[in-house]
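Take a look at the letters that make up each chain.
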Amino acid sequence: MKIFIPLATGAAASASYLTWMADSFIQRGVEATFDYGQATLYEGYEAAYALTQNETYAEWYRGQIDDAVVLENGTIKDWEYDYYSLDEYRVGNNILWWYERTGEEKYKLASDIIRLQLDRHPRTASGGFWHRKPTYPNQMWLDGIFMADTFYAKWTSLFENDNITAWDDIVLQYDNIEAHCRNQTSGLLVHGYDESKTAVWADSVTGAAPLVWDRAVGWYFLSLLEVIQLIPETHEGHSKLTGYFETLATALKKAQDESGGWWLIMSEPYPGKEGNYIESSASAMFTFGWLKGMKLGLLAKEYREVAQKAYSLLTERFVKVNDDGTLNWEGTVRVGSLSSNGTYEYYISVPLQSNDYKGVGPFMLASYEIETW
């Protein structure tokens, strides 16, 4: 069965949503930095290039990296060697994409800077990476797994694939999150945990945050999918991470709203509660995760119908056509942070942002999967 792509009518009907969105952001312009939002968006351009082999996408993307992020001598522009924030490390994946494409040493050298920073990064007593020093001591967030551990796995797969210690360390990060954040009833995971149990939101026994925030779960879902493809199948962590992914995919199916999307706060009893809403970035992440999971054989084809329902929601509710023919992406919450008190009232108070890269990138990835099904 071919998955139906609900495209626009008229002149735009010949365009895929992936390339249409890619063209829109080239026309709109994107600030060239190593921010994790940009890093997430750029993966959409990797998908657009994979779909079309259009060198225009590669040239634009390289213009966002060369000199703006990676300098000719292999250093990273404006990089702070004593600033330990997992959010900064996500761009390492984009840098490695360029290394694999070109073989140029400057990209390897730049990736090494981030890899060595991981070696110095502060850790909890159990070995987990702090989300950020000194702001979030002893805290692990689902977001941080996406930001750091895919890069850690990608770098290891390319340059030290037989380094069992490194693979063990990568799996440990997931094990820590699973031990403290997974709700065994719903199968979903709360936003993070504080191993010291001193944060205002931390559970006194587990250290866990109180609520399931959708984008944190989305980051985690994608990171599992990414690392499963990198870790050697002979390593025991491969089957463990696959189990984590499959269990979460099942939980997301149960949590999917009848509209096809997912609520900002997914914990009971909040879905449908005043102030809560169907949020676009995580809905795109979950849709992509299901589609890619099926393609890789990690998930049964029974997910096809619910994935199509989710994708249809994305295009119908969150993709808007502008008068100039470009697309806007709507409905993405700007941020969610455990620097807060972690309450429902905090999460629903955060404003939405149009054309937020953290939603656009996952939508482009989901579109690639739909368009290559």
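Summarised in this report is the structure supplied together with it.

So, how was this worked out
- Residues numbered from 1 in each chain as written.
- Predicted model: local features only at pLDDT ≥ 70, side-chain atom pairs only at ≥ 80, totals over all residues.
- Heavy atoms only, no water.
- Helix = DSSP H or I, 4+ residues; strand = E, 2+ residues; numbered from the N terminus.
- Rg over C-alpha atoms; globule rule 2.2 N^0.38 Å.
- Buried < 20%, exposed > 50% of the residue type's maximum accessible area, 1.4 Å probe, protein only.
- Areas by Shrake-Rupley, 256 points an atom, 1.4 Å probe, with all protein chains shown as cover.
- Lys, Arg positive; Asp, Glu negative; His and termini not counted.
- Charge placed at Lys NZ, Arg CZ, Asp CG, Glu CD.
- Salt bridge = Lys/Arg side-chain N within 4 Å of Asp/Glu carboxyl O.
- Phe/Tyr/Trp six-rings, centres within 6.5 Å; stacked < 30°, edge-to-face > 60°.
- Expected span 1.5 Å × (residues − 1).
- Polar contact = N/O pair within 3.5 Å; in protein donor to acceptor, adjacent residues only side chain to side chain.
- Contact = heavy atoms within 4.5 Å.

Considerations on the overall build of the protein
Point 1. Across its full length, the protein holds 13 helices and eight strands.
Point 2. Computed over C-alpha atoms, the radius of gyration of the protein comes to 20 Å, within 12% of the 21 Å expected from 2.2 N^0.38 for 373 residues, which places it in the range of a compact globule.
Point 3. Oriented by its inertia axes, the alpha-carbon framework of the protein measures out at about 60 × 55 × 40 Å.
Point 4. Looking at the protein as a whole, 62% of its 373 residues qualify as buried.
Point 5. Put simply, the protein shows about 14300 Å² of open surface, and 49% of that area lies on carbon and sulfur atoms.
Point 6. Charge centroids of the protein, computed over 30 positive and 51 negative side chains, lie 3 Å from each other.

Digging into the side chain of Arg 182
Point 1. In this structure, Arg 182 sits in the loop between helix 7 (164-181) and strand 4 (192-194).
Point 2. For Arg 182, a relative accessible area of 10% translates into the label buried.

Considerations on the pattern of salt bridges
Where side chains of opposite charge bring their charged atoms close, a pairing between them can arise.
Point 1. Here the structure, examined in full by the defined rule, presents 20 salt bridges.
Point 2. The partner of Glu 279 in a salt bridge is Arg 215, with the nearest N and O atoms 3.8 Å apart. Placement of Glu 279 in the loop between helix 9 (236-255) and helix 10 (280-295) and of Arg 215 in helix 8 (residues 214-228) is noted, with a sequence separation of 64 residues between them.
Point 3. The exposure class of Glu 279 is buried, given its relative accessible area of 0%.
Point 4. Of the residues examined, Arg 215 reaches a relative accessible area of 1% and is grouped as buried.
Point 5. One salt bridge connects Lys 253 with Glu 302, and the closest N-O pair in it is separated by 3.3 Å. Note that Lys 253 is positioned in helix 9 and Glu 302 in the loop between helix 10 and helix 11 (303-318), a separation of 49 residues in sequence.

Examining the packing of aromatic side chains
Aromatic ring pairs are defined here through the distance separating the ring centres and the angle between the ring planes.
Point 1. Summed over the entire model, instances satisfying the criterion amount to 32 aromatic pairs.
Point 2. Ring geometry for Tyr 174 versus Tyr 220: centroids 5.8 Å apart, planes at 45 degrees, classification tilted. Of this pair, Tyr 174 sits in helix 7 while Tyr 220 sits in helix 8, and the two are 46 residues apart along the sequence.
Point 3. Judged by its relative accessible area of 0%, Tyr 174 falls in the buried class.
Point 4. Aromatic rings pair up to connect Tyr 42, Tyr 45, Tyr 49, Tyr 57, Trp 60, Tyr 61, Trp 97, Trp 98 and Tyr 107 into one cluster.

Notes on helix 10
Residues three or four positions apart in an α-helix share a direction because the helix packs 3.6 residues into each turn.
Point 1. Its 16 residues give helix 10 an end-to-end C-alpha distance of 23 Å, which sits within 8% of 22 Å, the value for a rise of 1.5 Å per residue.
Point 2. Across the 16 residues that make up helix 10, a large majority, 15, are buried.
Point 3. Gly 297 occupies a position one or two residues after helix 10 and carries a positive phi of about 80 degrees.

Things to note about the side chain of Asp 87
Point 1. You can see Asp 87 is positioned in the loop between strand 1 (84-85) and helix 4 (91-102).
Point 2. Residue classification places Asp 87 among the buried positions, given a relative accessible area of 9%.
Point 3. Side-chain polar atoms of Asp 87 contact the side chain of Arg 132, separated by 3.0 Å.
Point 4. For Asp 87, the residues in contact, after removing those within four places along its chain, are Tyr 36, His 131, Arg 132 and Met 147.

Here we look at helix 1 (residues 17-28)
Point 1. Counted at 1.5 Å a residue, the expected span for helix 1 with its twelve residues is 16 Å, and the 16 Å between its end C-alpha atoms agrees.
Point 2. Taken residue by residue, helix 1 has Tyr 17, Leu 18, Thr 19, Trp 20, Met 21, Ala 22, Ser 24 and Phe 25 as its buried positions.
Point 3. Tucked inside the fold, the buried residues of helix 1 contact helix 2 (36-52), helix 3 (55-65), helix 11, strand 5 (319-321), strand 6 (327-329) and helix 13 (357-371).
Point 4. One or two steps after helix 1, the chain reaches Gly 29, where phi turns positive at roughly 95 degrees.

Without other data, these values stay purely geometric and don't point to any function.
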